[in-house]
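Structural features, examined
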Amino acid sequence: AFRYAFEQSWILSSPLVQQLIGFSTTEAGQVGWLKLGKAANFLNKTVPEEIKSLKARYGFSTLIELMRATDRFEFSEQKTAKGKHVLYRLKASAS
């Protein structure tokens, strides 16, 4: 239990997750849902080294895996003519 709490605290305080939470708070509309791709583009511009070393630094292969590990986001899928968009928002208790 201690190790999990420590790891989650470390992830939540990381520059990557802090940038993501800030972006989500600023960019979310009334409904609060954002495209994951838009957030990934923002992070690639603001903290590119964090994204490039995601696996080595955090142990996750994808941004969505890291986001799920924080337990601060919820996800949905929006079907489009070409496939789907993954949407996310901060959980109500996380804002």
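Report follows, based on the coordinates. Everything numeric here is computed off the predicted structure, so don't read it as measured data.

Together, Phe2, Phe6 and Trp10 give the surface a local cluster of nonpolar side chains, amounting to about 410 Å² of exposed area. Mapped onto the secondary structure, Phe2 falls in helix α1 (residues 2-12).

Okay, the sheet that holds strand β1 (residues 34-35) next. Taken together, three strands build an open sheet; the order of strands is β1-β3-β2 and the sheet is antiparallel. Since the sheet does not close on itself, it has two edges, and those belong to β1 and β2 (73-80), each with one partner. Note that β1 and strand β3 (residues 83-90) share two bridges and pair antiparallel. Note that in β3 the partner of Leu34 across the bridge is Tyr88.

Throughout the structure, instances matching the rule amount to three aromatic pairs. With a centroid separation of 5.3 Å and 45° between ring planes, the pair formed by Trp10 and Tyr58 is classed as tilted. Highlighted residues: Trp10 in helix α1 and Tyr58 in helix α5 (residues 54-58), separated in sequence by 48 residues. In this structure Trp10 comes out as partly exposed when scored by relative accessible area, which is 41%. What makes Tyr58 buried here is its relative accessible area of 9%. Centre to centre, the rings of Phe23 and Phe42 are 4.5 Å apart; their planes meet at 20°, and the pair counts as stacked. Of this pair, Phe23 sits in helix α2 (residues 15-27) while Phe42 is found in helix α3 (residues 36-46), placing the two residues 19 residues apart along the sequence. A relative accessible area of 7% means that Phe23 is categorised as buried. Look at Phe42 and you get partly exposed, because its relative accessible area is 24%. Taking NZ or CZ as reference, Arg68 lies 4.9 Å from the ring centre of Phe75, over its face.

Rules and cut-offs
Residues numbered from 1 in each chain as written. Predicted model: local features only at pLDDT ≥ 70, side-chain atom pairs only at ≥ 80, totals over all residues. Heavy atoms only, no water. Patch = residues over 30% accessible without salt bridge, like charges linked within 9 Å, V, L, I, M, F, W, Y side chains within 5 Å. Areas by Shrake-Rupley, 256 points an atom, 1.4 Å probe, with all protein chains shown as cover. Salt bridge = Lys/Arg side-chain N within 4 Å of Asp/Glu carboxyl O. Helix = DSSP H or I, 4+ residues; strand = E, 2+ residues; numbered from the N terminus. Pairing = 2+ DSSP bridges. Phe/Tyr/Trp six-rings, centres within 6.5 Å; stacked < 30°, edge-to-face > 60°. Buried < 20%, exposed > 50% of the residue type's maximum accessible area, 1.4 Å probe, protein only. Lys NZ or Arg CZ within 6 Å of the ring centre and 35° of its normal.

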